[in-house]
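Chain residues, written in single-letter form:
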Amino acid sequence: MENQSRPSIKGSKKAPGNLERRLTLLQNEIQNIKGESNLPIEISSEIKSDHKFTLKCGTNTQDFFRSSGSSPISWLECVKNNYVEFSNRNIARLESSRKNYSSFRKKLSSHLKSPLKNQDSSLKPLLAEHFKDHQYRELYNIIHNIQSLPTFLLSLEAIKGYTICQLVSHEKGQAYAMSNLATLGGKSTNKRISIAHFNKSFQTIKKSKSKVFQSQNFPTEIIEVIGTFQSKTFVGSKYNLILILGRNDFLPPDTKEKDIFEQVTEQLDPVLNAILFRSSHDDKILNIIDSLEQAPVPVSISDRSDKFLFKNESFEKMKEQDFRDYRKVEKELTGKNLLRTYYPQSNLEGTDLYHFYRVSLLGELLNTLRHELSNPLFGLSLASDILDTDNKDEDIIETVFDIKTNSKRCQTIIKNFSDLYQGEENFKEFNLVELLRETVILTKSETKGIQKKILSEGQEIFIFSNPTWLSQIVFNLIINSGQAILENSQSSTRNSFINIQIKPLKDKVFIEISDNGPGVPKGNEEKLFKSFFTTKDSGTGLGLSICKNLIRKLDGDIMHGHRDGGGALFTIILPHES
Amino acid sequence: MNILIIEDESLIAKSLKKLLERRGVHVDWCNSGNTAIDAIKSGSYDRIICDLMLQDISGFDVIEDSKSIFNIGEIGKKFIIITAYSSPQVLEKAEQYGCLVLSKPFEDLNEAIDTFIKGKSSD
């Protein structure tokens, strides 16, 4: 009996306890998977007699004999069979429950020229060669990350009696090594270890022939086992590993224990590197997924049947209506999967830039004009002042007076316009009615012959806003109305009008701009404020989209409706402290 | 009293000339910077009313050039700048020469004429 050959274990009645503990470990493992996968499985275990126990996973009941043979790896087989049975049946559901990540990973990695792909193909002959017995290939499938390996090893019947298992791995090129530690109690921890400590211990263990060590000869930073321990190093293409097994006592292992240790570690050798390779590769894939997940624009990946394989956070947050506002860019991935990236459209940076460029250009132009005109205009008014006092002739006096008033008017107009286009970020308190009046004058040439009225004339409404932007918006709307009316009326514009009405209401002020033109054609209402949408032959389709952007910056809103009796109606809503 | 007007806008220059002559001042007029430099060197003016935006050179160039015959105190007293571009930069530069600046158009014509005759009131 194996138990009797282990003098280090206190008492011979340890066996059932060990069995129970291992069972608990196994159950814990399965519980973890169950927790992750949310599968409706039942797990129960029962120690039927001294020789037998039952483990139940779902509908699969399997009886195990504790002493099922002399092979030190019999327990490994038992555990493995259960795992495999379990995972084979449930792998698909497990994966789908992990947000499709597993299947997505495979698909993603086949698209990206991933090391996983190379590794998989190179692994096949490797696995075939070393794992003639299929069970080891399956072991590779069972252990998904290195953290769970020490726990798994401790649960092996072959190496029972050990209470602590530590695996220290160093990926070549990394500045530190990782230590994964498991105790029989089911505790599992991991920490970083300096490369200097790792290298020193690695060399010591590698050179030793007995593979039995005392912990006091090693730095405590790296070796967490107390007392005597057995250890072996593994050299892989990408990793160097130290495997440590101990019991936290000072008794040396006997010959049989040494044999078993050798046997187990030998069989582990090929699979360890493969597992490590995969787990680091999984990390890389996870990094890619995380990056996609956190991309500031919506990203989705769907398969041939348009089923989603992946949606990132921004995508999940997108509302139904948003999809229309976004520009969709599709890229076909390997396996006919589709990568879709969505870019917001209504806030096109270019549109704003174009607008600001235009306005600042206009501002500069008006400023130059103002200065170039003000000098000769000043000359005119100066000269007319003198002529005024020099002359006695009524006709001349009247004419000179007209010259004087006209030149003054010219000066005022040009001053107002250049003031209007001065500060881009200039928020201030101003008279809304006055601003509208000035803006209406500005539209004169584009709305020739159309009657324009500010219906709140005489009313004084002061608001705090950006006069330049507001004037831009109103200007645009009036020009639009004017163009629509002029385009529509072949003969006369005698009865055409554009009305502007100001309605203060609580903490808001409504500016309604209406006309009796053709109105917005049915079916175009939704596209109205979109960039590059236009019905005009020479339009850029930027006017209303710019209006919408500007009004947002003013903390207001703009809406479109139909005027009673025909024509367009645009309503600007601005914040207003009454 | 002798006043020189440097101004390329003839309506302004002629009007100012006329208004100042009514107050008994002798007025000469130059419509370019270079002719003004010559005039300043050959004549003796109590006041020089100088526009900044001239066709050939700037008014500041004229002032800078006259440093050869006037000290900085005299420049501040003699020159009065009239300009349609009264930007902060212009005001700062005028300050360096110690010159008065009047923006065109003048807010009060009579006050402007008084200033031209009296010069800097603080002196």
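Each remark here, short or long, concerns the structure printed above.
Remember, it's a predicted structure, so these values are computed and weren't measured experimentally.

Attention now goes to the environment of Gly 565 of chain A. Residues and elements named next belong to chain A. In this fold, Gly 565 is placed in the loop between strand E19 (557–562) and strand E20 (568–575). What makes Gly 565 exposed here is its relative accessible area of 76%. For the pair formed by Gly 565 and Asn 516, sequence separation is 49 residues and the distance between their alpha carbons is 7.6 Å.

On to the nonpolar core. Core analysis: the largest hydrophobic core is formed by 37 residues, its most contacted members being Leu 432, Leu 470, Ile 473, Ile 511, Ile 572 and Leu 574 of chain A. Those elements that place two or more of their residues in this core are helix H13 (432–442), helix H14 (467–488), strand E17 (497–505), strand E18 (508–515), helix H15 (543–553) and E20 of chain A. Take this core: its biggest share by element is seven residues, from H14 of chain A. Contacts of Ile 511 of chain A, omitting those with residues within four sequence positions, involve Leu 432, Leu 436, Leu 470, Ile 500, Gln 501, Phe 570, Thr 571, Ile 572 and Leu 574 of chain A. If you look at the next biggest cluster of nonpolar residues, it comprises 23 residues, including Leu 4, Ala 36, Ile 48 and Leu 54 of chain B.

Residue and element names in this part refer to chain A. Ordered by their spatial adjacency, six strands build an open sheet running E6-E5-E4-E9-E8-E7, and the pairing between neighbours is antiparallel. The open sheet has two free edges, formed respectively by strand E6 (188–194) and strand E7 (212–214), since each of these has just one partner strand. Neighbour-to-neighbour, the strand axes of the sheet open up by a mean angle of 25 degrees, direction not taken into account. The pairing of strand E4 (residues 164–171) with strand E9 (residues 239–246) spans eight bridges and is antiparallel. Across the sheet, the residue bridging to Ser 169 is Leu 241, located in E9.

Attention shifts here to the packing of H13 of chain A against H14 of chain A. Residue and element names in this part refer to chain A. Running from N to C, H13 and H14 cross one another at 50 degrees; their axes reach a closest spacing of 9 Å. The angle between H13 and H14 places the two elements in the oblique class. Seen along the crossing, H13 lies across H14 with a hand that is right-handed. Along its contact with H13, which presents Leu 432, Leu 435, Leu 436, Thr 439, Val 440 and Leu 442, the element H14 presents Pro 467, Leu 470, Ser 471, Val 474, Phe 475 and Ile 478. Looking at the contact of H13 with H14 residue by residue, the classes come out as ten nonpolar, two polar and no charged.

Conventions adopted
- The residue numbering used here restarts from 1 in each chain and proceeds along that chain's sequence as written.
- As they are written, the chains are lettered A onward and the ligands numbered 1 onward, keeping that order.
- Reporting in this predicted model follows two pLDDT cut-offs: at least 70 for local features of residues, and 80 or more for side-chain atom pairs to be given and counted; totals over whole chains, interfaces and linings ignore these cut-offs and use all residues.
- Each side-chain value is derived from all of the structure's non-hydrogen atoms; neither hydrogens nor water enter the calculation.
- Only runs of H or I of at least four residues qualify as helices and only runs of E of at least two qualify as strands under DSSP, and these elements are numbered from the N terminus.
- With a 1.4 Å probe rolled over the protein chains alone, any residue whose accessible area is under 20% of its type maximum counts as buried; one over 50% counts as exposed, and the rest are partly exposed.
- To qualify as a nonpolar core, a set must consist of buried Ala, Val, Leu, Ile, Met, Phe, Trp, Tyr and Cys residues joined through side-chain atoms within 4.5 Å.
- Any two residues having at least one pair of non-hydrogen atoms within 4.5 Å are treated as being in contact.
- Two strands pair if DSSP finds at least two bridges between them.
- Angles shown run from 0 to 180 degrees and are taken between the N-to-C directions of axes, each axis being a line fitted to C-alpha atoms and, for helices, limited to the stretch in contact.
- Orientation labels follow simple angle bins: below 35 degrees gives roughly parallel, above 145 gives roughly antiparallel, 65 to 115 gives roughly perpendicular, and whatever is left gives oblique.
- Less than a right angle of anticlockwise turn of the near helix away from the far helix marks a crossing as left-handed, whereas a clockwise turn marks it as right-handed.
- Lys, Arg, Asp and Glu make up the charged group, whereas Ala, Val, Leu, Ile, Met, Phe, Trp, Tyr, Cys and Pro make up the nonpolar group; the residues left over, Gly among them, are polar.

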